[in-house]
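Examining the three-dimensional arrangement
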Amino acid sequence: MKQLTSTAGNPIGDNQNSLTAGENGPVLMQDYYLIEKLAHQNRERIPERAVHAKGSAAHGKLTITHDITQYTKADIFSEVGKETPLFLRFSTVAGEKGAADAERDVRGFAIKFYTQEGNWDLVGNNTPVFFIGDPYKFPDFIHTQKRDPKTNMRSNSAMWDFWSKHPESLHQTTILFSDRGLPTSYRHINGYGSHTYSFINHNNERFWIKFHFKTQQGIKTMTNEEAGAVIAKDRESAQRDLYEAIENGNYPKWDMKIQIMTQEQAQNHADNPFDVTKVWSHKDFPLIDVGVLELNKNPNNYFNEVEQASFSPSNTVPGIGLSPDKMLQARAFSYPDAHRYRVGTHYEMLPINRPLNEVANYHADGAMNFGDIHKENGVNYEPNSFGGPKENHIYDEPAIELHGDATRYDRTLNNDYFKQPRDLFHLMSKEQKQQLFCNIAASMEGVQQSIIDEQMKLYEQVSPEYAKGVKEALG
Ligand code: NDP
């Protein structure tokens, strides 16, 4: 039998009865373990994520099946057959921690790869694009997805008001209200890095890159009605599906693929290749096979692992870098900032976030610092004469050539936000189009006519068939 102790390791004699003055008397303050228990209970929650609050995750591995070393020197891709452990957290975006899983929403697809050269976080979604192309829009957009400040209810009106004023959102909303916007489970979605990233090879050449994870389980989706029936019985349908599949040894897998764009191609690309509201056509930039991602182990402790898991696009490794994508640049700041607030300054010391390799820097002190970074030489400044860790220029990235004046550019000028949603619309079967129309109409319930009219003008520009279909579905 393991002895029960206080947090200081003091053995506890009685965990059933408070220490009281007399049999029916009041509790004594010196019953320290009672106070410790109540104090800990009060501190069991940390702030939930402002977005992607409801999530499910699992451990797994990435196995490389194809050689892409001509594009990147990243250790994770260094040889065919190489396996890298990872942690993948799925989530819905808008709902709070207690929200039902089977809601129409984008799904988060955030991966932490524990590579030999530090953690690489690919913080993606199940959609290849995003609603907005400039980080100035991010807080406003998220406000429209969360609760109305007065009614404390979700507001269709706020969502459509925002979308109708942002044609750049048409691509993502067309995906969101298509069949793919309501997946049956996390096992049945694709994952996308969404942003454009860099690959850097051994010759220090940079390529632009997009990441894709295609589900081997196949895409499976639900209608609004089917989802309503699921939610009536089970708010944790996606968590349950993922957990049980892995417990039963039915390990879900995804094929990892990439698209590559050379710097020269980027200069001649019709669109801004760093615009996260756009995809790169598969015809022009075919998918290249990389490997297989498998999930094979459930977390032992949901809070320690899933809730405290902290992903950031700023976690890049040698051979993988960021791009000028404005949204990616902002996320590289805003994600670690959220973790410092939500989990604590030293969130990366926690086992789920800690890299496999040694961390060595001169960050000092701070709340809950249990690192022994300075243990070898006791020096907390750099440069120093005592053998402390030093930089190595072999890790310098090649320069990115930039042009233009530093000013605020209107990204929407001469930017065609209609072609790609149109391409997607034309890919859809008759049934999928009908679902799209009905899902949009359902989501417009209670929205004032002037906002709907504005949105209709956008649909007209995508395709008159699109606008007509939504109009008819609205009745
Ligand atoms: P392709 O015909 O080569 O590819 C179409 C892609 O669309 C496939 O990857 C397919 O995924 C995906 N798709 C099908 N239905 C939906 C849906 N309802 N929501 C989201 N994705 C869907 O075409 P292009 O590369 O020329 O692109 C045409 C359009 O396809 C784009 O405008 C974009 O909207 C969409 N798309 C493109 C992607 C890209 O990276 N090029 C990625 C995803 C979508 P799957 O193969 O898994 O069925």
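A short tour of the structure in this document, coming up. What you see is a predicted model, and the numbers here were worked out from it, not measured in a lab. (Residues numbered from 1 in each chain as written. Predicted model: local features only at pLDDT ≥ 70, side-chain atom pairs only at ≥ 80, totals over all residues. Heavy atoms only, no water.)

Let us look at the packing of aromatic side chains. Applying the stated criterion across every chain yields a total of 27 aromatic pairs. Taken together, Phe130, Phe131, Phe138, Phe141, Trp160, Phe162, Trp163 and Phe177 form an aromatic cluster joined through their ring pairs. The ring of phenylalanine 425 is capped by lysine 433, whose NZ or CZ atom sits 4.8 Å from the centre of that ring. (Phe/Tyr/Trp six-rings, centres within 6.5 Å; stacked < 30°, edge-to-face > 60°. Lys NZ or Arg CZ within 6 Å of the ring centre and 35° of its normal.)

Okay, the site of the ligand next. Close to the ligand lie 20 residues; His171, Arg180, Asn190, Trp280 and His282 are nearest. Interatomic distance of 2.8 Å between a backbone N/O atom of tryptophan 280 and a nitrogen atom of the ligand. Between the ligand and serine 281, the relevant distance is 3.2 Å, taken from an oxygen atom to a side-chain nitrogen or oxygen of the residue. If the ligand stood free it would expose 790 Å²; the protein chains cover 81% of that surface. Of all the secondary-structure elements, those providing two or more residues to the shell around the ligand are α4 (170–176), β7 (206–215) and α10 (419–427). A breakdown of the residues in the shell around the ligand according to their chemical character gives seven nonpolar, eight polar and five charged. (Near = heavy atom within 4 Å. Polar contact = N/O pair within 3.5 Å; in protein donor to acceptor, adjacent residues only side chain to side chain. Areas by Shrake-Rupley, 256 points an atom, 1.4 Å probe, with all protein chains shown as cover. Helix = DSSP H or I, 4+ residues; strand = E, 2+ residues; numbered from the N terminus. Nonpolar A, V, L, I, M, F, W, Y, C, P; charged D, E, K, R; others polar.)

So, about the layout of surface pockets. The calculated volume of the second largest pocket comes to roughly 1200 Å³. Taken together, 32 residues line the second largest pocket, and the ones lying closest to its centre are Asn272, Phe274, Pro324, Lys326 and His403. The set of elements that each furnish at least two residues to the lining of the second largest pocket consists of α7 (263–268) and α9 (326–342). Here the lining of the second largest pocket gets three residues from one element, more than from any other, and that element is α7. Residues that form the lining of the second largest pocket fall into these classes: 13 nonpolar, nine polar and 10 charged. (1 Å grid on protein atoms, 1.4 Å probe; cavity = no way out; pocket = protein on both sides within 12 Å on 5 of 7 lines; lining within 4 Å. Points joined across faces, edges and corners; volume = space filled by probe spheres on them.)

A separate point is the packing of helix α11 (residues 430–443) against helix α13 (residues 464–474). At their nearest, the axes of α11 and α13 sit 8 Å apart, and the two run at 55 degrees to each other. Here α13 runs oblique to α11, going by the angle between their axes. Our pair here, α11 against α13, has a crossing hand that is right-handed. Of the residues in α13, those in contact with Lys433, Leu436, Phe437, Cys438, Ile440 and Ala441 of α11 are Glu465, Tyr466, Gly469, Val470, Ala473 and Leu474. Within the contact of α11 with α13, the residues separate by chemical class into nine nonpolar, one polar and two charged. (Axes fitted to C-alpha atoms, helices over the stretch in contact; angles between N-to-C directions. Parallel < 35°, antiparallel > 145°, perpendicular 65-115°, else oblique. Left-handed = near helix turned anticlockwise from the far one by under 90°. Contact = heavy atoms within 4.5 Å.)

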